[in-house]
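Fold and contact review
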Amino acid sequence: MYLTAAGVIMTLSVIYIGMGISATTGASPEYSSEREIAASVFEPAYLKLHRTGELKQRADRLWQLMEKCDLCPRSCGAERIKGRTGFCGASGTRLNVSSFHAHYGEERPLVGRGGSGTIFFAHCNLKCSFCQNYDISHLGRGSTTTVEGLAEMMLRLQGRGCHNINLVTPTHYSAHILKALDIAASKGLRTPLVYNTSGWESVEILRELDGIVDIYLPDFKIFDPEKSGKYMAGAVSYPEITKKAILEMHRQVGVAKPESDGIIYRGLMIRHLVMPNDVSGSLKVMEWIAENLPKDTYINIMAQYRPAYKAYDHPEISRPVRGEEYRSVVERARELGLTNLDVQEFRWMRQ
Ligand code: SF4
């Protein structure tokens, strides 16, 4: 859910033109051979369930959960099928997308040469007070589209040569996504699916995604429930639920390892944003990962915290993270024997 270090959203409007897309499913010429190689060695998880009809059934089951919405741990019970708006801001069953494009600021094994095919969904169930994308997550900036329109976006990103379909903040639209995926799969989609989430996911919903998602990309943002409640709209359950969710994600897809082309096609990739004054509980996050997951679990330790939105209301998160704060997290992760760290340059950071 965070933009990574180089991850500046190119535009906040929905992009249909100017992407160099040659055709709905046609690869852009410069990447065609790479796409062909990837396609020859990898089949995304969802294709099997699409062929058996299970993907459609799961989409229907998730859709029914919007009667009294229970798609996320907020469990606010909004009657979305009747058009009511949930805590997340999603209005009824209307689908709101902020932008979609080839993104070159995500983790390197997701970006490769063709970019990560990000689809940014509007609204969010967590509503962090320090959100860097608050205009999308809190204010719901985006455009209404349909399930068919979402399927078309997936196909266009594949046609552009993107290495994956990267669903950013997907939780409140999981039913729409599965319906769109089923349509796109019938039209030739075979690009891996990235579930790019805050980590605050209910295990029951994740089980419905088993065999559909190829790459889970969860944040583990804050370790202390008091802090998560304070900065995430009362979500004191964030640490406990996120731990369970990450374990379930790992059970489904295992450790993320790049293939010979340097691209990750399957696995768990955790993001942790180091916050000032140890609000994120970073050392504890690293210790929990070391104790509960394989030592080669992919962890992106992110340094780019900047105060945004309502962060200035809280002195302890109203400044960037310092170099010494970031370095101590990296050092602890290494001491713990964690070997697959995506670490950012921090010599330029203020000490
Ligand atoms: S996804 Fe939105 S509407 Fe559904 S339970 Fe969560 S906050 Fe409520």
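These numbers come from a predicted model, not from an experiment.

Conventions we followed
Residue positions are given per chain, counting from 1 as you read along its sequence in written order. The predicted origin of the model limits local features to residues at a pLDDT of at least 70 and limits the giving and counting of side-chain atom pairs to 80 or more, whereas totals for whole chains, interfaces and linings rest on all residues. Helix and strand definitions here come from DSSP, where helices need a minimum of 4 consecutive H or I residues and strands a minimum of 2 consecutive E residues; each element is numbered from the N-terminal end. Counting other C-beta atoms within 10 Å of a residue's own tells you its class, since 20 or more makes it buried, 12 or fewer makes it exposed, and anything in between is partly exposed; those C-beta atoms are placed from the backbone. Take the number of residues in a helix, subtract one, and multiply by 1.5 Å to get its expected span. Placing C-beta atoms from the backbone, we regard two residues as in contact once those atoms come within 7 Å. Nonpolar core, as used here: buried Ala, Val, Leu, Ile, Met, Phe, Trp, Tyr and Cys residues forming one set through C-beta atoms within 7 Å. When DSSP locates at least two bridges between a pair of strands, those strands are taken to pair. By definition, the crossover connecting two strands over a helix is right-handed if that path, from the first strand to the second, turns clockwise as seen with the strands pointing away from the viewer. Angles shown run from 0 to 180 degrees and are taken between the N-to-C directions of axes, each axis being a line fitted to C-alpha atoms and, for helices, limited to the stretch in contact. Roughly parallel means an angle under 35 degrees; roughly antiparallel, over 145; roughly perpendicular, 65 to 115; everything else is oblique. Two helices crossing with the near one rotated counterclockwise from the far one by less than a right angle form a left-handed crossing, whereas a clockwise rotation gives a right-handed crossing. Following the grouping adopted for this structure description, the nonpolar residues are Ala, Val, Leu, Ile, Met, Phe, Trp, Tyr, Cys and Pro, the charged ones are Asp, Glu, Lys and Arg, and the polar ones are all others, Gly among them. The pLDDT value expresses, per residue, how confident the predictor is, ranging between 0 and 100.

With respect to the overall build of the protein
In terms of regular secondary structure, the protein is built from 12 helices and 9 strands. Residues classed as buried in the protein amount to 51% of the 351 residues present.

What about helix H12 (residues 323-335)?
Here H12 is 13 residues long and its end C-alpha atoms lie 18 Å apart, about the 18 Å a rise of 1.5 Å per residue gives. Contacts made by the buried residues of H12 are with helix H11 (282-292), strand S8 (298-302) and strand S9 (341-343). Looking one or two residues past H12, Gly337 carries a phi angle of roughly 90 degrees, positive in sign.

Thoughts on the environment of Asp182
Relative to the elements of secondary structure, Asp182 occurs in helix H7 (residues 174-186). C-alpha of Asp182 to C-alpha of Lys56: the two residues are 126 residues apart in sequence and 6.3 Å apart in space. Contacts of Asp182, omitting those with residues within four sequence positions, involve His50, Leu55, Lys56 and Ala59.

Structural notes on the environment of Pro258
Looking at the element boundaries, Pro258 is found in the loop between helix H10 (238-253) and strand S7 (267-273). Of the residues examined, Pro258 has 15 C-beta atoms within 10 Å and is grouped as partly exposed. For the pair Pro258 and Leu110, spaced 148 residues apart in sequence, the C-alpha separation works out to 9.2 Å. Excluding its chain neighbours within four sequence positions, the residues that come into contact with Pro258 are Pro109, Ile263 and Ile264.

What about the nonpolar core?
If you look at the biggest cluster of nonpolar residues, it comprises 101 residues, and the most contacted ones within it are Ile119, Met154, Ile212, Val213, Ile215 and Val274. Filtering out sequence-adjacent residues up to four positions away, Val274 remains in contact with Ser280, Ser282, Ile301, Met302, Ala303, Tyr305, Val321, Glu325, Tyr326 and Val329.

A few points about the pairing of strand S5 (residues 193-197)
In regular strands, side chains alternate between the two faces of the sheet. The element S5 is largely enclosed, with a buried count of 5 among its 5 residues. Of the two faces of S5, the one carrying Leu193, Tyr195 and Thr197 and the one carrying Val194 and Asn196 are both buried. The sheet contact formed by strand S4 (residues 165-168) and S5 spans 4 bridges and is parallel. In the strand pairing of S5, Val168 is matched with Asn196. In this fold, the crossover linking S4 to S5 by way of H7 has right-handed handedness. In the sheet, S5 pairs with strand S6 (residues 215-218) via 4 bridges, with the strands oriented parallel. The residue bridging Asn196 from the neighbouring strand is Leu217, located in S6. Read as a crossover between parallel neighbours, the route from S5 over helix H8 (residues 203-208) to S6 is right-handed.

Let's talk about the packing of helix H3 (residues 54-64) against H7
Look at H3 against H7: their axes get within 8 Å of each other, and the N-to-C directions meet at 155 degrees. Considered as vectors, H3 and H7 are oriented roughly antiparallel to each other. In the crossing of H3 with H7, the sense of the turn from one axis to the other is left-handed. For the pair formed by H3 and H7, the contact residues are Leu55, Lys56, Arg58, Ala59, Leu62 and Trp63 on the first element and Ser174, Ala175, Leu178, Lys179, Leu181 and Asp182 on the second. A per-class count over the contact of H3 with H7 returns 7 nonpolar, 1 polar and 4 charged.

Quick word on the environment of Ala290
Residue placement: Ala290 occurs in helix H11. Spatially, the C-alpha atoms of Ala290 and Gly337 are 7.4 Å apart, while their sequence positions differ by 47 residues. Filtering out sequence-adjacent residues up to four positions away, Ala290 remains in contact with Lys295, Leu336, Gly337 and Leu338.

Focus: the confidence of the model for the protein
Mean pLDDT over the protein stands at 90; residues scoring 70 or higher make up 87%. Low pLDDT (under 50) marks residues 1-32, which in the prediction has 70 contacts with non-local residues, meaning those over four places away or in another chain.

Description of unusual backbone geometry
For Asn277, which is not glycine, the phi dihedral falls at a positive 60 degrees. Inspection of the secondary structure puts Asn277 in the loop between S7 and H11. You can call Asn277 partly exposed: it has 14 C-beta atoms within 10 Å.

Overview of the pairing of S8
With 5 of 5 residues buried, S8 is to be regarded as a mostly interior element. Here S8 shows a buried face lined by Tyr298, Asn300 and Met302 and a second buried face lined by Ile299 and Ile301. Bridge count between S7 and S8: 5 bridges; the pairing is parallel. Note that in S8 the partner of Ile270 across the bridge is Ile299.

Regarding the sheet that holds S7
As a general point, the strands of a sheet are linked pairwise by backbone hydrogen bonds and lie either parallel or antiparallel. Here we have 9 strands laid out as an open sheet, ordered S3-S1-S2-S4-S5-S6-S7-S8-S9, and mixed in their pairing. Each of the sheet's edge strands pairs with one partner strand only, and the pair in question is strand S3 (143-145) and S9. If you compare each strand with its neighbour and ignore which way they point, the axes differ by 25 degrees on average.

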